[in-house]
Amino acid sequence: MKWDTQRSLQLPQEVRDVLDELSHEAPPDEREFSARLHRNLAAAGAPPAPGWLERLQGWASDLWQDASQKRTLATGAVIGALATATAFLLLSGGHPFHDGGPTVSPDDDTAEVDAPGLDRSEHKALRAVGDRRITRDRLGDDLGADRPERARLPNPRSR
Amino acid sequence: MNSEQVEDLVRRAQQGDVRAFERLIAEHLPIVRRFARAFARGHEAAADLAQDALLKVYRSIGGYRFQSSFSTWLYAIVRNVYLDDARSRAGRDRAAERPLEPGGLDADPTVDTDAPRADRRLEREELRRYVWEALGTIPAEFRATLVLYDIEGLTYEEIAAIENAPLGTVKSRLSRGREHLRRVLCGPEAARHLGDAVPAEDLSEPGNSAAAELVRRKRTEPA
């Protein structure tokens, strides 16, 4: 805490001289000030112990300071994970579930409601082989699709 | 005073040992009082303010958890008390209790009766008082930073810890405080304080500020 004359170069020299002089100014009536302070302190009694709120704040502050290094690592890990996820999404063309298709799950019973622009045949065309078929319509009526399919007979005309 | 002694004194002060507290703050008293001078008009008002601040420090010492140096913690509380006082109406009233009159001085029983020396002392006192008054016109936050750095000689890092602010904020406050001080000391307003000593239009010339004129007067006096 030493006075450095090179510190306040933004101020004119004469102002710096005065500030330097102020830094050596001794406040007057030192003994009287100390005596008055002693009286005030004695009258104030013992300083109060910190209440539960102060203790809670102190505990939180301790935790915050102690965990500062761990916090840095955790922040790095979170940022890394986010960056990886972002890169993955960008590389996959922004459609993580389907390659070029709509992001409607084939298992979703509300697929027709969610994608009303598709007619039934188009919707059926979007299905992959092996997908479970829709068994109920939007009112919950059985479409009959859950019946076992009949064995296909060979087409006599194809022969 | 080493850290173990400080810790011991803090523990004792936390249990109500007034003497321990007084020993703890003894070396900081001049700074606390000079710091208060920048927020009050006159020595008496500054002493009142410093008393309030130190009492607040004593009442708060139970919450000191040794996470920062004691001086940082102490100055942080003192600064908050001063800023609160400056912002409050009570602070303005306190400042209005003893309006500064040009040439008026605090009663000082130690003033030398020898005329030339007494004049020199009066001039010095006038100069200091003028600069304290100029400091008092700076916005409180900038003023606190300027006093801690340019008068008390604390480092940027120490002030940042006291103000709980980033270094950039401290530097910005210091720069703005200095700019304000320079405007007050070197601008046309300074003419009011100098009377006919320097024509107002000459104060805008480099090296011809109000403070420069006062310093010049002080230096050219016969020894």
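Residues numbered from 1 in each chain as written. Chains lettered and ligands numbered in written order. Predicted model: local features only at pLDDT ≥ 70, side-chain atom pairs only at ≥ 80, totals over all residues. Heavy atoms only, no water.

Quick question: what am I supposed to make of the nonpolar core here?
If you look at soluble globular proteins, the nonpolar side chains tend to sit buried side by side. Counting residues in each nonpolar core, the largest one holds 72 residues, and the members touching the most others are Phe39(B), Ile61(B), Phe70(B), Tyr82(B), Leu135(B) and Leu181(B). Once residues lying within four places of it in the same chain are set aside, the contact partners of Ile61(B) are Pro47(A), Val10(B), Ala13(B), Gln14(B), Phe21(B), Leu24(B), Phe70(B) and Trp73(B). (Core = buried A, V, L, I, M, F, W, Y, C linked by side-chain atoms within 4.5 Å. Buried < 20%, exposed > 50% of the residue type's maximum accessible area, 1.4 Å probe, protein only. Contact = heavy atoms within 4.5 Å.)

Explain unusual backbone geometry to me, please; I cannot follow it from the model alone.
The phi torsion of most residues other than glycine is negative, and most of the peptide bonds are trans. The residue Asp29(A) is not glycine, and still its phi comes out positive at about 55°. Note that Asp29(A) resides in the loop between α1 (13-23) and α2 (30-44). A positive phi angle, close to 50°, is found at Asn164(B), a residue other than glycine. Relative to the helices and strands, Asn164(B) resides in the loop between α9 (156-163) and α10 (167-186). Residue classification places Asn164(B) among the exposed positions, given a relative accessible area of 71%. (Helix = DSSP H or I, 4+ residues; strand = E, 2+ residues; numbered from the N terminus.)

What's the story with helix α1 (residues 3-14) of chain B in this structure? I'm lost.
Residue and element names in this part refer to chain B. Across its 12 residues, α1 extends 16 Å between first and last C-alpha, which sits within 8% of the 16 Å expected from 1.5 Å per residue. Every buried residue of α1 is accounted for by Val6, Leu9, Val10 and Ala13. Taken down its axis, α1 places every buried residue within 105° of arc, on the same side. Elements that come into contact with the buried residues of α1 comprise α2 (18-26), α4 (42-60) and α5 (70-87). With a side-chain oxygen lying 3.1 Å from the backbone nitrogen of Glu4, the N-terminal cap of α1 falls on Asn2. One or two positions beyond α1, positive phi appears at Gly16, with a value near 100°. (Expected span 1.5 Å × (residues − 1). Arc of directions from axis to C-beta. Polar contact = N/O pair within 3.5 Å; in protein donor to acceptor, adjacent residues only side chain to side chain.)

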